[in-house]
Amino acid sequence: MDAVASPNPIVARYLEENPNSKRLHAEALTLLPGGIAHDVRQQDPFAPYITRALGALKWDADGHELIDCAMGHGALILGHGNPAVVEAVTRQAREGTHHSACHPLEIEWAERVTRMVPSAELVRFVASGTEATMMAMRLARAFKQRDRILRIDSHFHGWNDYAQPGFLPLASNQLPGIPAAVRDLMVSAPQDLNAIDDALKSGEFAGVIVEPTGPTWALIPISDDFLRDLRALTEKHGVVLIFDEVIGGFRWSPGGVQGKIGVVPDLTTMAKIVAGGLPGGAVAGRRDIMEQLRFSPDPNWNREHKVLHNGTFNANPLSAAAAIACLDQIVDGRVQAFADAQTAKLRIGFNRVLGRMNVEGAAWGDSSVFHLILGVPVPARSDGDLRDPKLPAAALKKGSPKAIDQAFHLAMWHEGVHIFRGGGLLSSTHDDAVISRILVAFERTLATMQEHKLL
Ligand SMILES: Cc1ncc(COP(=O)(O)O)c(C=O)c1O
């Protein structure tokens, strides 16, 4: 798809002010499908290119300074270029990036994960969140000797064949390449305990997988009671409960969502922060389930019960070094508390600006994440705690109308802010000055959109 010029003045300005990104995009189109490496980076008229980042800031190929609200898709809770992480990775790069063998750092890394995450009796490292959810579902299936997994509509668990159906509707024809047989093994239920209870009564499920933050980093709120009751339901039905803490892990609290609310799943999947912002992931959980990965002296057991697992970059030393340097800085929760407080200021500020400028929409979220919807009528709200905005789930899922969404992202870019998928995940480097700059940019963006009758 080629970039198409549009009469929309915000798009016109973007085309004019980003000639280097435009050129890079054209070159990328000849080498990379769609010119991108991740579906979320698809952007009209073209995706911008970033060349450098530090703290809460990054710089694009055309020299613009931007406040980053995407923060490594949530991996960088300490901001870009955290000195201890950079130092640890640099040191390790000199010692070797892959030893084709066990190395001491993987034990230090595992020690921290098992100390911090309540459900983690044992841990196995993998290379991404997608691999972690794939492994957790396999462990549950092997443990219960049942093939079906129950998941919850719209919850995101990465892009493996088992995780993707149900993020989009199971019957969706937008799942080419995912075998019907695989889709049949996944059942997706609404985020509703009665529906989940009903489904589990069939006795055919190995486990339930859930994003304990609510889908896509709290896009649709989920209550602590829901998670508590889900724990009780899975116990009642004797199925494995998997918390996908790829986002919530180490962000919601040093022990993730589970550490914050005291609900302990059987298995936990992690990525992003667990690897200190480098590639990597982990599955952790109950000893009896995790030990299915262990070799036994009994060859018959190995043949019949050992869960297979390979992976060139499992627990790779660079990620281990980054992870240890990161986890040691966030173990006491002060980093998370600061990032949470800053993000709450931002959510409150967004809602104040929306009210003042008479723009339909809302900001909401939890922990250090926020979501924004514009151009959609939402119930009046206070500007206080926005964790339970009582917005209709369907409207939240749909987000802002497409034209508004595009203009908003580009206009915020012009104002020096990178908004990520209608929201953002912040870090401890988003200090008061940064939050003020985002709010000024937001107000100016809405004014520009109003001026051009885009809101
Ligand atoms: C909750 C959740 N699970 C799994 C994944 C997949 O992780 P990865 O992108 O590392 O494969 C993501 C990625 O954003 C996620 O947010």
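Everything that follows concerns the structure shown earlier in this document.
Structural notes, computed from the coordinates. (Residues numbered from 1 in each chain as written. Predicted model: local features only at pLDDT ≥ 70, side-chain atom pairs only at ≥ 80, totals over all residues.)

**A look at the sheet that holds strand β14 (residues 423–425)**
Within a sheet, neighbouring strands are paired by backbone hydrogen bonds and run either parallel or antiparallel to one another. For clarity, the threshold we go by: Here, any two strands with at least 2 DSSP bridges between them count as paired. Secondary structure elements are defined from DSSP: runs of H or I of at least 4 residues count as helices, runs of E of at least 2 residues count as strands, and each element is numbered from the N terminus. For helices, the axis comes from a line fit to the C-alpha atoms of the stretch in contact; other axes are also lines fit to C-alpha atoms, and the angle between any two N-to-C directions lies between 0 and 180 degrees. By definition, residues are in contact whenever their C-beta atoms, placed on the basis of the backbone, come within 7 Å of each other.
If you trace the three strands from one edge of the open sheet to the other, you get β11-β12-β14, paired in antiparallel fashion. Looking along the sheet, the strands with just one partner apiece sit at the ends: β11 (361–366) and β14. Taking the axes of each pair of neighbouring strands and ignoring which way they run, one obtains an average angle of 10° across the sheet. Across three bridges, strand β12 (residues 369–374) lies against β14 in antiparallel orientation. Directly across from histidine 371, in β14, lies its bridge partner glycine 423. In the packing of helix α14 (residues 334–356) onto the sheet, the strands contacted are β11 and β12, and the crossing angle to β11 comes to about 170°.

**Observations regarding helix α13 (residues 317–330)**
Here is the rule: What a helix should span is 1.5 Å times the count of its residues minus one. Exposed residues have 12 or fewer other C-beta atoms within 10 Å of their own C-beta, buried residues have 20 or more, and residues in between are partly exposed; the C-beta atoms are placed from the backbone.
Spanning 14 residues, α13 covers 20 Å between terminal C-alpha atoms, matching the ideal 20 Å at 1.5 Å per step. Among the residues making up α13, those that are buried are Pro317, Leu318, Ser319, Ala320, Ala321, Ala322, Ala323, Ile324, Ala325, Cys326, Leu327 and Ile330. The inward-facing, buried residues of α13 abut α3 (83–95), α4 (104–116) and α14.

**Notes on the site of the ligand**
Note the threshold: Proximity of a residue to a molecule or strand is defined by its backbone-placed C-beta atom lying within 6 Å of that partner. Side-chain classes are defined by residue name, with Ala, Val, Leu, Ile, Met, Phe, Trp, Tyr, Cys and Pro counting as nonpolar, Asp, Glu, Lys and Arg as charged, and the others, Gly among them, as polar.
Of all residues adjacent to the ligand, which total 14 residues, the nearest are Ser128, Gly129, Thr130, Gly158 and Val246. At three residues, helix α5 (residues 129–144) tops the list of elements feeding residues into the shell around the ligand. Taken together, the residues of the shell around the ligand sort by class into four nonpolar, eight polar and two charged.

**Here's the deal with the sheet that holds strand β13 (residues 417–418)**
Across the sheet, four strands lie side by side as β1-β2-β3-β13; this open sheet has mixed pairing. Each of the sheet's edge strands pairs with one partner strand only, and the pair in question is β1 (50–54) and β13. The pairing of strand β3 (residues 65–68) with β13 spans two bridges and is classified as parallel. Among the inter-strand pairings, isoleucine 67 is bridged to a residue of β13, identified as valine 417.

**Section: the packing of helix α16 (residues 402–414) against helix α17 (residues 432–451)**
The condition that has to hold: Angles below 35 degrees are treated as roughly parallel, those above 145 as roughly antiparallel, those between 65 and 115 as roughly perpendicular, and all remaining angles as oblique. By the definition used in this description, the sense in which the near helix is turned from the far one sets the handedness, with an anticlockwise turn below a right angle giving left-handed and a clockwise turn giving right-handed.
Closest axis-to-axis distance for the α16/α17 pair is 9 Å, and the angle between their directions is 130°. In terms of orientation, α16 and α17 fall into the oblique class. Crossing handedness for the pair α16 and α17: right-handed. In this structure, α16 contributes Ala407, Phe408, Ala411 and Met412 to the contact, and α17 contributes Ala441, Thr445, Thr448 and Met449. Split into classes, the residues belonging to the contact of α16 with α17 amount to six nonpolar, two polar and no charged.

**Section: the environment of glutamate 211**
Along the chain, glutamate 211 turns up in the loop between β7 (205–210) and α8 (215–218). Aside from chain neighbours lying at most four places away, what touches glutamate 211 is His155, Phe156 and Asp244.

**Considering the pairing of β3**
Looking at chain direction, strand β2 (residues 57–60) and β3 are connected through three bridges and run antiparallel. Following the sheet pairing, lysine 58 is matched in β3 by leucine 66. Counting the residues in the hairpin turn of β2 and β3 gives four residues, including glycine 63, whose phi is positive at 85°.

**Some thoughts on the nonpolar core**
Threshold: The nonpolar core criterion groups buried Ala, Val, Leu, Ile, Met, Phe, Trp, Tyr and Cys residues into a set whenever they are joined through C-beta atoms within 7 Å. Each domain's extent was defined by an automatic or database domain assignment.
Counting 122 residues, the largest nonpolar core has Val113, Ala136, Ala140, Val208, Ala282 and Ala322 as its most contacted members. Looking at which element gives the most residues to this core, the answer is α13, with 10 residues. Of the residues that make up this core, three or more belong to each of domain 1 (9–79 + 334–451) and domain 2 (85–328). With near-sequence residues (within four places) excluded, valine 113 lies in contact with Ala120, Val123, Val274, Ala282 and Ala284.

**A word on the environment of tryptophan 252**
Its place among the elements puts tryptophan 252 in the loop between β8 (240–244) and α10 (256–261). Take tryptophan 252: there are 25 C-beta atoms within 10 Å of it, and that puts it in the buried class. Linking tryptophan 252 and alanine 337, residues 85 residues apart in sequence, is a C-alpha distance of 8.9 Å. In this structure tryptophan 252 touches Thr213, Val257, Lys260 and Ser367, once residues within four positions along its chain are discounted.

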